[in-house]
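Coordinate analysis (summary)
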Amino acid sequence: MRPKPLTLPPLTPPPLAVQADLALLPLVCRICIWSPGLDTSLDSDHGPAMSPAPGYGLAETIATGHRGNIFGLAAAPGLSTRLLSCAADAQVRVYDLSSTSNPRLNPTTVTPPPDSPHKPWVHHELTTACTTVLRCHTERVKRIATEASSDVFLTCAEDGTVRCVSSPLSFPLALELS
């Protein structure tokens, strides 16, 4: 009997109070988080960043550590401070932006020059925001999907596997697709 094919749900925006936009900046991939009511564009030493919608401005940036395009971003259900990303470098990364559960978190506030129309934003360095790096795929990881639990997510990659991670410390279960 042939097993039922695995179908992943469509990628939906993270359930955050802000809208996330992915930006590939020189040599470093960052996640840019936008919030309503702030300035709509930013051009700084980190490169240009444009608002995904009118009236949204840059609120936070996260240095991801990815060395290739970021293809997917998801928020853990029920934990708006936990983000998951997958990228062309065949890695899946988990970020914890809560100072309560991540004692290493040390955000800095970036303040533009006084004559700039931009408001300050928060920046998280890779060494403090990223809590887990999963190297469970051998090719580009194209998609990430969450389950009802904040500790379960699925990834799929060009290596033909779908991986189910049941907690940040567990060994991912691989499902071969044919």
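So, here is what we can say about the structure in this document. (Residues numbered from 1 in each chain as written. Predicted model: local features only at pLDDT ≥ 70, side-chain atom pairs only at ≥ 80, totals over all residues. Heavy atoms only, no water.)

1. Quick notes on unusual backbone geometry
Basically, it comes down to this: By the criteria applied, helices consist of DSSP H or I runs no shorter than four residues and strands consist of E runs no shorter than two, each listed in order from the N terminus.
For Ala90, which is not a glycine, the phi torsion comes out positive at approximately 70°. Tracing the backbone through its elements, the reader meets Ala90 in the loop between strand 7 (79-87) and strand 8 (92-96).

2. Looking at the state of the cysteines
Going by this rule: Any pair of cysteine sulfurs within 2.5 Å is marked as a disulfide.
All told, the structure shown has 0 disulfides when counted by the stated rule. Between Cys156, a free cysteine, and Cys86, which holds the nearest cysteine sulfur, the sulfur-to-sulfur gap is 7.5 Å.

3. A closer look at the packing of aromatic side chains
Cut-off, in case you're wondering: Each pair of aromatic rings taken from Phe, Tyr and Trp, with Trp reduced to its six-membered ring, is defined by centres within 6.5 Å and is described as stacked if the planes are under 30 degrees apart, edge-to-face if over 60, and tilted in the remaining cases. For a ring to carry a charge above it, either NZ of a lysine or CZ of an arginine must fall within 6 Å of the ring centroid while also lying within 35 degrees of the normal to the ring plane.
With the rule as written, the count across this model stands at 0 aromatic pairs. Positioned above the aromatic ring of Phe71, the side-chain terminus of Lys142 is 4.2 Å from the ring centre.

4. Quick look at the nonpolar core
Note the cut-off: The definition of a nonpolar core used throughout is a set of buried Ala, Val, Leu, Ile, Met, Phe, Trp, Tyr and Cys residues joined through side-chain atoms within 4.5 Å. Burial classes follow relative accessibility: with a 1.4 Å probe on protein chains only, a residue under 20% of its type's maximum area counts as buried, one over 50% as exposed, and anything between as partly exposed. Note on contacts: a residue pair is in contact if any heavy atoms of the two residues lie within 4.5 Å.
With 14 residues, the main nonpolar core has Ile31, Ile33, Ile62, Leu83, Tyr95, Leu97 and Ala129 as its most contacted residues. Each residue touching Tyr95, except ones within four places of it in the same chain, is listed here: Ile31, Ile62, Ala63, Thr64, His66, Thr81, Arg82, Leu83, Ser85, Ala129, Cys130 and Thr131. Cys86, Val94, Leu134 and Ala157 belong to the second largest nonpolar core, which has 12 residues in total.

5. What about the pattern of salt bridges?
We count it as follows: The term salt bridge refers to a pairing of a side-chain nitrogen on Lys or Arg with a carboxyl oxygen on Asp or Glu at a separation within 4 Å.
Counted by the stated rule, this structure contains 3 salt bridges. A salt bridge links Arg82 to Asp151, with the shortest nitrogen-to-oxygen separation between them at 2.8 Å. Note that Arg82 is positioned in strand 7 and Asp151 in the loop between strand 12 (141-146) and strand 13 (153-157), a separation of 69 residues in sequence. Given the relative accessible area of 18%, Arg82 is considered buried. Exposure remark for Asp151: the relative accessible area of 30% places this residue in the partly exposed category. Between Arg140 and Glu158 there is a salt bridge, with the nearest N and O atoms lying 2.8 Å from each other. Of the two residues, Arg140 sits in the loop between strand 11 (130-134) and strand 12 while Glu158 sits in the loop between strand 13 and strand 14 (161-165), which places them 18 residues apart along the sequence. One connected set of salt bridges, linked through shared partners, spans Arg140, Lys142 and Glu158.

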